[in-house]
Amino acid sequence: GTEILQISYVSGTPQEAADMANAFADSYLQFRRGEAISQYQLQANDLKERIAVLNDQKQQISSRLAHTRNPATQSALQSDRSQLEARIGYLQETLAGLDDPERLAKSGGEVVEVATVPTEPFSPNHVQDTLFALAIGLIIGVGIALMRDRFDPRLHGSTDLEGRLGAPVLAT
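Small disclaimer: the values here were computed from a predicted structure and weren't measured. (Residues numbered from 1 in each chain as written. Predicted model: local features only at pLDDT ≥ 70, side-chain atom pairs only at ≥ 80, totals over all residues. Heavy atoms only, no water.)

Chemist: I'm lost on the pattern of salt bridges in this one. Help?
Modeler: For side chains of opposite charge, pairing can occur when their charged atoms come near one another. A complete count under the given rule lists 3 salt bridges for this structure. For Lys 58, the salt bridge is made with Glu 85, and the minimal N-O distance between the two is 3.6 Å. Here Lys 58 is found in helix α1 (residues 14–67), whereas its partner Glu 85 is found in helix α2 (residues 71–97), with 27 residues between them in sequence. Owing to a relative accessible area of 36%, Glu 85 belongs among the partly exposed residues under this scheme. A salt bridge links Asp 152 to Arg 154; its shortest N-O distance comes to 3.2 Å. By relative accessible area, Asp 152 is classed as partly exposed at 25%. For Arg 154, a relative accessible area of 54% corresponds to the exposed category. (Salt bridge = Lys/Arg side-chain N within 4 Å of Asp/Glu carboxyl O. Helix = DSSP H or I, 4+ residues; strand = E, 2+ residues; numbered from the N terminus. Buried < 20%, exposed > 50% of the residue type's maximum accessible area, 1.4 Å probe, protein only.)

As structure tokens, then:
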């Protein structure tokens, strides 16, 4: 699948914002390419080591085969050597099938569109900020008014006094 990264940078000057976004994109691509090459080298080295071990085993079997006169032992050693040759061939094909490191150095991604100097400021947006502050202030103000009314301990009339005392008020 295709992955697209959008990189943005906020700065005091438009030119610095564009330069920093482009520098980050370039650094990211270099990192990705370096990782791809490192992965290739790890895989290639592992395959080469396995091939070397199998070649050593094949050499030992060939040496034993040269000194053995027993036909049954010779047949078993030749079978072992053939199996080793097949495994070596498979590993060599796998090694040849790995991505070429020169091609990997060019991989890792590409910049679709370089960052350009913005024509207008990204922030602040005064109209949006003012509307947001007004809405938040209104919500907080209404909340405080409701809380003050709900938790006000003062009595505001004869009905409040009757409710508190649990008895009717005879005169005011």
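Chemist: Could you clarify how one ought to interpret the confidence of the model for the protein in this entry?
Modeler: Should the pLDDT be low somewhere, the predicted coordinates at that spot are not to be read in detail. Mean pLDDT over the protein: 88, with 97% of residues reaching 70 or higher. The least confident element of the protein, judged by mean pLDDT, is helix α3 (residues 101–105) at 71; the most confident is helix α4 (residues 126–150) at 95. (pLDDT = per-residue confidence, 0-100.)

Chemist: What should I look at first to understand α2 in this one?
Modeler: It helps to recall that an α-helix has 3.6 residues per turn; residues three or four apart then point in one direction. Taking 1.5 Å of rise per residue, the 27 residues of α2 would be expected to cover 39 Å, and the 39 Å separating its terminal C-alpha atoms lies within 8% of that figure. For α2, the full list of buried residues reads Leu 77, Leu 84, Ile 88 and Leu 91. On its buried side, α2 packs onto α1. The N-cap residue of α2 is Asn 70: its side-chain oxygen and the backbone nitrogen of Ala 72 are 3.0 Å apart. (Expected span 1.5 Å × (residues − 1). Contact = heavy atoms within 4.5 Å. Polar contact = N/O pair within 3.5 Å; in protein donor to acceptor, adjacent residues only side chain to side chain.)

Chemist: Help me out: how do you make sense of the environment of Val 111 in this one?
Modeler: Structurally, Val 111 can be placed in the loop between α3 and α4. Overall, Val 111 belongs to the partly exposed group, its relative accessible area being 36%. Put simply, Val 111 and Lys 48 are 63 residues apart on the chain and 35 Å apart in space, counted from C-alpha to C-alpha. For Val 111, the residues in contact, after removing those within four places along its chain, are Ala 25, Asp 26 and Leu 29.

Chemist: Is there a simple way to think about the nonpolar core in this case?
Modeler: Listed in full, the 9 residues of the largest apolar core are Leu 47, Ile 51, Leu 54, Ile 61, Leu 65, Leu 77, Leu 84, Ile 88 and Leu 91. Only α1 and α2 provide two or more residues apiece to this core. Here the element with the most residues in this core is α1; it accounts for 5 residues. Leaving out residues up to four positions away in the same chain, Ile 51 has contacts with Ile 88, Leu 91, Gln 92 and Leu 95. (Core = buried A, V, L, I, M, F, W, Y, C linked by side-chain atoms within 4.5 Å.)

Chemist: Explain the packing of α1 against α2 to me, please; I cannot follow it from the model alone.
Modeler: For the pair α1 and α2, the least separation of the axes is 9 Å and the interaxial angle reads 160°. Judged on the interaxial angle alone, α2 and α1 are roughly antiparallel. Note on packing geometry: the crossing formed by α1 with α2 is left-handed. The residue inventory of the contact of α1 with α2, partitioned by class, reads 11 nonpolar, 7 polar and 8 charged. (Axes fitted to C-alpha atoms, helices over the stretch in contact; angles between N-to-C directions. Parallel < 35°, antiparallel > 145°, perpendicular 65-115°, else oblique. Left-handed = near helix turned anticlockwise from the far one by under 90°. Nonpolar A, V, L, I, M, F, W, Y, C, P; charged D, E, K, R; others polar.)

Chemist: Mind showing me how you'd approach the packing of aromatic side chains here?
Modeler: Two descriptors summarise a pair of aromatic rings, namely the distance from one centre to the other and the angle between the planes of the rings. Considering all chains together, one arrives at 0 aromatic pairs under this definition. The aromatic ring of Phe 151 is capped on one face by Arg 150, whose charged end is 6.0 Å from the ring centroid. (Phe/Tyr/Trp six-rings, centres within 6.5 Å; stacked < 30°, edge-to-face > 60°. Lys NZ or Arg CZ within 6 Å of the ring centre and 35° of its normal.)

Chemist: Any chance you could explain helix α5 (residues 158–165) here in plain terms?
Modeler: With 0 of 8 residues buried, α5 lies mostly on the surface of the structure. Trailing α5 by a residue or two, Gly 166 shows a phi angle of about 75°, which is positive.

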